[in-house]
Amino acid sequence: MTTNDQVEHDEEVTRRNFLYVASGVVGAVGVTSAAWPLVDQMNPSADVLALASVEVDMSTIPEGQTVKILWRGKPIFIRHRTAKEIARGVAEDNDPMKDPVMDKDRAQKPEWLVMIGVCTHLGCVPLDQRGDFGGWFCPCHGSHYDIAGRIRKGPAPRNLDLPKYVYLNDTTVKIG
Amino acid sequence: MGSSNYEPTNKAVKWFEDRLPILGLIHGTLGAGYKTPRNLNYWWNFGSLAGFMLVVQIITGIILVMHYTPHVDMAFRAVEHIMRDVNYGWLMRYTHSNGASMFFVIVYVHILRGMYFGSYQSPREVLWFLGLVIYLLMMATGFMGYVLPWGQMSFWGATVITNLFGAFDFYDGMGESILHLLWGGFSVDNPTLQRFFSLHYLLPFVIVGVVILHIWALHLPGSNNPLGIDAKGPGDKIPFHPYYTAKDAFGLSFFIVIFAVFIFYLPNIMGHPDNYIEANPMVTPSHIVPEWYYLPFYTILKAVPDKLLGVIAMFGSILIFFVLPWLDGSKIRSAKFRPTTAFFFWLFLVNTIFLGYLGTKLPDEIMINMGGGIDALTLGRISSVFYFAYFLVIVPLVSRFETTRPVPTSIAQSVLDARKEG
């Protein structure tokens, strides 16, 4: 034992130092792995994730109308845009914007605009065909979106988000 | 907590006290063993009032849970069931919902009392921190409690407030991951309601724990007083019981009358009619307002055009109270002897109430109509700037450079002087 104490005194690495560090590291890893399930249980559960996609037949939506459907607890706006509206969206492509994007990149087919109807500011549902740009207006904090769902005025940081969707045929989409 | 020389005369009590000295602890903390400055005014009632409200909220809350179901399909109906079917359910719910407002009124007065009389100054900084922690816990508890009835304001308030945390979007998808973690889904939904219910039940007991620490920290230096000078000799102090237990009880009975007026005659005046409509994720109410006690901070949020900076300003407006003990460089605590400080304190109070008033307005609503008109957003920005300037410019400068009035040598002396003059 006396020799051991002398070695420690010289601040060399001893077997005891190694055991301290090793048990400390194993303990920290153990605590972290035990804590992770406690945190991860808060993330979306399997049944919530399973409700990930919906199919929508858009042929019943008349031109110039928007329908709202619920997807993952959030409203989806599907607007059947008129030729005039598409022309306006394209014409304003080069206007000043916070989150600039071309009208053609907002929809796979220009006449069907599919967007998540949740304001990118603090999550309210914007009102249809209101505001200064002929599109949507969020009543909560005054964000104005244009006819392509692009943010034009107000506190929202981004354009209305687009969900992932694929066309199953000419007028049916699968969202999610 | 309070060191005590408690000597029970009853043999059985003494036997027990020798084995668990809890009666001595109470005696030294809230009884005759706690020596208190003799000059406390009615602003010092609000600590015990806050304690009373915490107990009221816990009791009524536990009762409400016996009749409530935390599920999106049943929560709204459960609240109506409490209101219509449960014996005295209406009384429990109105006491609980108005009790939350009363609790905040009391705590705001308690905080402002501390600001005016310099109770946050050395050596009471940790006492001040613990009070602020209680306040933050109350904000979280109040917010989650408002979600439980699952009305339109519950749902959309929850949506707006949780979305604030999405502003911390430092890498792509980070904000979204935080939100999914908070919600347990892709929007405010059943998992959100259930976890809010769990936490709303838990946090009041955490508050109780921090209140015990708050009282512990109070009893080391003892209570501050309206003069802000340290109590020195025995002539400066009187026992907490019976003097302040009696004064607190008198104040409490007065407060209960006001509380009862709200419960029985104005039970919905603090609420919002939209919360009697069941939550609907497809329709946002035309005007979302938080509960009144969050309104000043809500205006600060709206005043900043950038989302992240707005959120930082809003949290900062509360967290800035933590550094107040160091922003204030005065050797004198009480604003009684600091006329300029007192003036700006009242200005700060008026400005904060005005911020709260603006919180109920739409950003582009015209407030002052002179020719062009000034909208609520512009006024909110001016008021927000003053709010921060108070802490960051006015308090640091005024406290260091103002001409103060002479401070009495002791509490007893000031009482004697007042008697001579009177």
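Calculation notes
- Residues numbered from 1 in each chain as written.
- Chains lettered and ligands numbered in written order.
- Predicted model: local features only at pLDDT ≥ 70, side-chain atom pairs only at ≥ 80, totals over all residues.
- Heavy atoms only, no water.
- Contact = heavy atoms within 4.5 Å.
- Buried area = accessible area lost by both parts, 1.4 Å probe.
- Salt bridge = Lys/Arg side-chain N within 4 Å of Asp/Glu carboxyl O.
- Helix = DSSP H or I, 4+ residues; strand = E, 2+ residues; numbered from the N terminus.
- Nonpolar A, V, L, I, M, F, W, Y, C, P; charged D, E, K, R; others polar.
- Pairing = 2+ DSSP bridges.
- Buried < 20%, exposed > 50% of the residue type's maximum accessible area, 1.4 Å probe, protein only.
- Phe/Tyr/Trp six-rings, centres within 6.5 Å; stacked < 30°, edge-to-face > 60°.

**Some points on the interface of chain A and chain B**
- At the junction of the two partners, chain A supplies 26 residues and chain B supplies 28 residues.
- Between chain A and chain B, roughly 2300 Å² of surface is buried when both sides are summed, and carbon and sulfur atoms account for 64% of that area.
- Here chain A is connected to chain B by 0 salt bridges.
- Elements that contribute at least two residues to the side of chain A that touches chain B include exactly α3 (46–50), β2 (66–71) and β3 (74–80) of chain A.
- Taken together, the residues that form the side of chain A that touches chain B break down as 15 nonpolar, 8 polar and 3 charged.

**Remarks on the pairing of β2(A)**
- Relative to β3(A), β2(A) runs antiparallel, the two being bridged by 6 bridges. The partner of A:K68 across the bridge, within β3(A), is A:F77.

**Quick word on the pattern of salt bridges**
Residues and elements named next belong to chain A.
- As enumerated under the stated definition, the model contains 18 salt bridges over all chains in all.
- Between E92 and R152 there is a salt bridge whose closest N-O contact spans 2.8 Å. With E92 in the loop between α4 (83–91) and β4 (112–116) and R152 in strand β8 (residues 151–153), this pair connects stretches of sequence that are 60 residues apart.
- You can call E92 buried: its relative accessible area is 12%.
- Linking D146 and R152 is a salt bridge whose minimum nitrogen-to-oxygen distance equals 2.7 Å. With respect to burial, D146 and R152 carry one shared label: buried.
- The network of salt bridges with common partners includes R88, E92, D93, D95, D146, R150 and R152.

**Details of the packing of aromatic side chains**
Residue and element names in this part refer to chain B.
- Per the counting criterion, the structure on display carries 42 aromatic pairs over all chains.
- Summarising the aromatic geometry, the rings of Y116 and W346 are spaced 5.9 Å apart at their centres and angled 50 degrees between planes, so their arrangement reads as tilted. With a gap of 230 residues between them, Y116 in helix α5 (residues 89–116) and W346 in helix α14 (residues 339–359) connect regions that are remote in the sequence.
- Owing to a relative accessible area of 18%, Y116 belongs among the buried residues under this scheme.
- Here W346 falls in the partly exposed class, since its relative accessible area comes to 45%.
- Here a set of aromatic residues connected by ring pairs shows up, and it is made of Y120, W128, F321, F348, Y387, F388, Y390 and F391.

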